[in-house]
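So the chains spell out like this:
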Amino acid sequence: MSGLQPVLPSNQAPSTFEYGGGDEISAIVLDPGTSWIRAGFAGEDTPKSVIPSDYGVLEGVEEKGKKYFIGDNDVHSIRPGMEVRNPMSDGIVADWEAATTLWREAITPRLTMALSEHPLLMTEPSWNPPKNREKTIEIAFEDFDVPAFYLAKAGVCAGFASGKSTGLVIDVGASNISVTPIHDGLVLRKGCVRSPLGGEFLSNQIRAYFESANIPLSAHYQVLSKTAVEVGKPAEATYRTFAPGEEPTESYKRFQEERVLTEFKECTAQVWVGPGPLPGNNNPPLEAAHAILSPGGRTFEFPDGYNLVFNSERFRITEGIFHPPSMLTAPNPDPNTTPGLNQLIANAMKDIDVELRQMILNNIVITGAGSLLYGFTDRVNAEIAAAFPAPRVRVMAAGNSVERRYASWLGGSILASLGAFHQLWVSKKEYEEHGPNIVEKRCK
Amino acid sequence: MSGFQDVRDVMELAAPTDATARVPVAKKQKTVERRPDGITRELFALLGENPPPVAIVESKFKEKPRWMGKVNPWYIPFFSPIVHHSPTRPTIWMLTQEQHRVWKSFENPSRSDGLVLHHWERKTEHPQDLEYQFAKFNVRVDVPVYTDGEYEVLKDPDWTRKETDYLFDLCREYDLRFVIVWDRYEFAGGRPRTVEDIKARYYSVCRSLMELRTPLNQMTPEETQVFNLLNFDKERETARKNMAEVLFARAPDQVKEEEMLLVELARITKGQAKNLEERKELFNRLEVPASQGSIAAYTGSQGLAHLREMMVNSTDKNKKRKSIALASNNASNADGPQQSPALATSAERFGPSGGGSGPSQKDTLQPKKQVRKLTPEEELGFGVTYHDKLTPGVKFRSAMVAATVKGGTAQKVQAALAQLEISPRLAMPTARTVQMFEQLQASVGALLDARKANDKIDNEQRVLKAQIETANEDS
């Protein structure tokens, strides 16, 4: 924002010209992902309530038999016997009971207690099967008792968040990287492709690298206090001890380790600029590449104080996203059958009408927290420009990390606050008349 | 008030009564335009009654949140119809309860299920139930519907009735976005269809249906136009799409080459107009009257002047006369009137340089074979000289002399010459005299330098001698 732009006071309504006919009806937008669940009121620019999709559960307590621990505070507390689980699998819901609980927790009581007063808009990945969609609308009307409901495609919403109704949305999520071509606000189904190379894959890459290099991985909860040590020297820290039977579960430990890996991704991992694969991995090392790679060493300190300088490894762990033969975790996923991001884009473009390709390549939108990797957008830009030399390629990625992470929520927020959208809601009456199958007819 | 009374005394007017004094004249309420922030009062006064054409926005810090204020729904003060005018106070914009918005239910007429939603609406005294403002955006594309009887005419061996129905349903559902229709096309038991197949079927059905309902000769001009638009040439579209495909699949080298060619083309088309103009002028010059008889008549200076006159007059008034005139002028200076136009242009470009410097070495445009090698004697005779560097413009040769002597010694040389009673400015600065004069100056300078050095050495000698003497005396 330039300094000359007028600042709109908070007590003044934005001009209706600004977003082409907004009409707030106080709808709630829910964007459930594999890593985070985002919820908030339509018309706002950031979700008010963001909770992790991972939840803690204690089996065999109380009369219900299960106790859930949801939200940042609860899921990170140390509880003996608490398992940490995730209701999503491959980006879609696998455990409906937990998902329903989590979704309700994201909305009440943070946003509202009266779910029956607010229409609900939810997002879904483009590969969501019809059965899941019907189950979703069932939960919305029967469990949540909302007055109106709509299921929007996450890709389309992410496009809307960047102001594009036609384009190619590259969403780097936790479980998948998905490439979704959209035209006039509708998903082009034939061009929707995805690959399990998201944030979880990257974590596994880092784990595999740590194992191969004998780097001990510790979690924050294990360390009581630490002292500064030289680079590469063993850690001198006091560790937390647990009485027998009081230890946290293995899933809890893994979940906590994941936080450290996320930190590693955020501040150490980097993407090779490209185009073309990272030199020196499978092909012979190049002088020029080493000159670029080696001076960029970065230090990373683990929770127990152990610290190391990482050089070219920073590039190696991310290279698998673009060049599957460089994966460190083979054979899962299989590098021969898993398409890299370049291949994904090429596959998506193959099944699109040639007249649309030009326009779609001109409006490429990159979203998802995984795309915040240092150098990611530059690499994507370079790869696409090399793969499609003829048309003009324009890649757009929000510079603001909040917008990048919550793009599909933001698009949903824009959609649900448009006056012209209100005719599209599936009302409770319609649901009662036609049954859950109505979602297939109305939410295209 | 005392000022008023003085004036009244002078004018011999009666003092105003209390009653009239107390009642102020009801001032006409002036609609004072609000001065926008970020513009000084003086500047605003200069603007007069016309508001500034551009919005002036002052960059300022974010407004401090009003924590202590009452929470109220937002309002729009500038477009509010309720304005409180007060005779005692300036016009202020007052926020009243009436301006607040209310949470109100509404129904969208473009929905059939009567879903009731709520939104904020401005509170007005007489709520009128207007139609929902966004209902007008519910527009659908008109996709024709055919009856069983009509379908008999629309039959196509490639399409079944069921598939045609399916196609028309999809077209209706996706508002004729054929790319989307093709993307979602999943007809059980049907053959795979391309976008062109779908478009061709749809348009042919529409066309036949239109013809069936209104015979061609009864159509209005608008209808005929629509009817003609529905003509879809499948072969042509398929060929076009194939070409687009080829264009899309170009290799980077091809793209680069094409770009280069485009740049070249742009350059050529840009210079084309200029080239044509130049060529035309050249042709015009070639059309100068050809000499028929002998050239004997033109050998004298009078003859040449006559020729020039003739050429100038023979060319059209509209044509560039100047260049022709110059060319002929130059031709009279050079070898003879037979000089080619190309030579004339080059001579014209460089112009008559200096007094008799003649063609310089720079003049490379002149064709080589035209230059006759001159012997040193001839050069001397014709006054042809060669220069390494020539500055543009006309100069006196005598003025160039002064510049040859270097700054510091120049004055001393001048003084020495004055002592010898030689004028610094030559009476007749021919090339040879100037050369001699420069030599003289240089040797005077050298002599002066030598004398200076000599004096210096003498001085040093004397000092050293004195030192030796004092040393001897001391010892």
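In the annotation of an unreviewed UniProt entry, chain B is listed under the name SWR1-complex protein 4 and assigned to Tuber aestivum. Under the UniProt heading Subcellular location (unreviewed entry), the entry covering chain B gives this text: "Nucleus". Per UniProt, chain B has the following entry under Sequence similarities (unreviewed entry): "Belongs to the SWC4 family."

Named according to an unreviewed UniProt entry, chain A is Actin-related protein 4 originating from Tuber aestivum. In the Catalytic activity (unreviewed entry) part of its UniProt record, chain A is described as follows: "ATP + H2O = ADP + phosphate + H(+)". In its Function (unreviewed entry) section, UniProt records this for chain A: "Actins are highly conserved proteins that are involved in various types of cell motility and are ubiquitously expressed in all eukaryotic cells."

*Asks:* Any details on the overall build of chain A? Residues and values, ideally.
*Replies:* Within chain A, the secondary structure is distributed over 15 helices and 21 strands. Within chain A, contacts between residues at least 6 apart in sequence are counted, and of these 69% link residues at least 24 apart. In the structure as shown, chain A presents an accessible area of about 18900 Å², 50% of it carried by carbon and sulfur atoms.

*Asks:* If you had to explain the interface of chain B and chain A to someone new, which residues and values would you point to?
*Replies:* Counting residues at the interface gives 42 residues for chain B and 48 residues for chain A. Interface of chain B and chain A: buried area, both sides summed, is about 4000 Å²; carbon and sulfur atoms make up 58% of it. Across the pair Arg177(B) and Asp184(A) runs a salt bridge whose closest N-O atoms are separated by 2.7 Å. For the interface between chain B and chain A, the tally reads 17 residue pairs in polar contact (both at pLDDT 80 or more). Broken down by element, the residue count for the side of chain B that touches chain A peaks at six residues, all from helix 9 (residues 234–248) of chain B. Residues that form the side of chain B that touches chain A fall into these classes: 22 nonpolar, six polar and 14 charged.

*Asks:* Go over unusual backbone geometry with me, naming the residues and quoting the values.
*Replies:* A negative phi angle characterises most non-glycine residues, just as the trans form characterises most peptide bonds. Here the residue pair Thr108(A) and Pro109(A) is connected by a cis peptide bond, since its omega of -5° sits within 30 degrees of zero. If you trace the backbone, Pro109(A) turns up in the loop between helix 2 (96–107) and strand 9 (120–124). Residues other than glycine seldom take positive phi values, yet Glu421(B) does so here, at roughly 60°. Considering the arrangement of structural elements, one finds Glu421(B) in the loop between helix 16 (407–419) and helix 17 (431–474). Residue classification places Glu421(B) among the exposed positions, given a relative accessible area of 74%.

*Asks:* Give me a nonpolar patch on the surface: which residues, what numbers.
*Replies:* Residues and elements named next belong to chain B. A contiguous nonpolar surface patch, about 330 Å² in accessible area, is contributed by Val7, Val10 and Met11. Its place among the elements puts Val10 in helix 1 (residues 2–10). In this structure Val10 comes out as exposed when scored by relative accessible area, which is 68%.

*Asks:* Quick rundown of the sheet that holds strand 5 (residues 66–69) of chain A? Include the residues and the values.
*Replies:* All names here are of chain A. One open sheet holds the three strands; their spatial order is 5-4-6, and the pairing between them is antiparallel. Looking at strand neighbours, the two that pair on one side only are strand 5 and strand 6 (83–85), the edges of this open sheet. Across the sheet, the mean angle separating the axes of adjacent strands is 35° when strand polarity is ignored. Pairing analysis gives four bridges linking strand 4 (residues 55–59) to strand 5, with the strands arranged antiparallel. Counted as the bridge partner of Glu59 is Lys66 from strand 5. Here helix 2 sits on the sheet and contacts strand 4 and strand 5; the angle it forms with strand 5, its principal contact strand, is near 45°.

*Asks:* Can you tell me about the pattern of salt bridges, naming the residues and giving the values?
*Replies:* If you walk through the whole model with that rule in mind, you get 41 salt bridges over all chains. When the shortest N-O distance is used, the salt bridge between Arg133(A) and Glu440(A) registers 3.2 Å. In this pair, Arg133(A) sits in helix 3 (residues 130–143) while Glu440(A) sits in helix 15 (residues 438–442), placing the two residues 307 residues apart along the sequence. By relative accessible area, Glu440(A) is classed as partly exposed at 30%. We note a salt bridge from Glu173(B) to Lys444(A), for which the minimum N-O separation is 3.7 Å.

*Asks:* Which residues make up the nonpolar core, and what values do they have?
*Replies:* Counting 74 residues, the largest nonpolar core has Ile170(A), Leu341(A), Phe376(A) and Ile384(A) as its most contacted members. The element contributing the most residues to this core is helix 7 (residues 195–213) of chain B, with seven residues. Setting aside residues up to four positions removed in sequence, Ile384(A) forms contacts with Ile170(A), Ile345(A), Leu361(A), Ile364(A), Val393(A) and Val395(A). Listed in part, the 59 residues of the second largest apolar core include Ala98(A), Tyr150(A), Ile438(A) and Leu115(B).

*Asks:* Before we move on, can you summarise a negative patch on the surface with the specific residues and values?
*Replies:* Residue and element names in this part refer to chain A. A cluster of acidic residues, Glu142, Asp143, Glu432 and Glu433, forms a negative patch at the surface. Of all the secondary-structure elements, those providing two or more residues to the negative patch are helix 3 and helix 14 (428–434). Residue position: Asp143 is located in helix 3.

Rules behind the numbers
Residues numbered from 1 in each chain as written. Chains lettered and ligands numbered in written order. Predicted model: local features only at pLDDT ≥ 70, side-chain atom pairs only at ≥ 80, totals over all residues. Heavy atoms only, no water. UniProt positions renumbered as here; feature names shortened; annotations may be inferred. Helix = DSSP H or I, 4+ residues; strand = E, 2+ residues; numbered from the N terminus. Contact = heavy atoms within 4.5 Å. Areas by Shrake-Rupley, 256 points an atom, 1.4 Å probe, with all protein chains shown as cover. Buried area = accessible area lost by both parts, 1.4 Å probe. Salt bridge = Lys/Arg side-chain N within 4 Å of Asp/Glu carboxyl O. Polar contact = N/O pair within 3.5 Å; in protein donor to acceptor, adjacent residues only side chain to side chain. Nonpolar A, V, L, I, M, F, W, Y, C, P; charged D, E, K, R; others polar. Buried < 20%, exposed > 50% of the residue type's maximum accessible area, 1.4 Å probe, protein only. Patch = residues over 30% accessible without salt bridge, like charges linked within 9 Å, V, L, I, M, F, W, Y side chains within 5 Å. Pairing = 2+ DSSP bridges. Axes fitted to C-alpha atoms, helices over the stretch in contact; angles between N-to-C directions. Core = buried A, V, L, I, M, F, W, Y, C linked by side-chain atoms within 4.5 Å. Lys, Arg positive; Asp, Glu negative; His and termini not counted. Charge placed at Lys NZ, Arg CZ, Asp CG, Glu CD.

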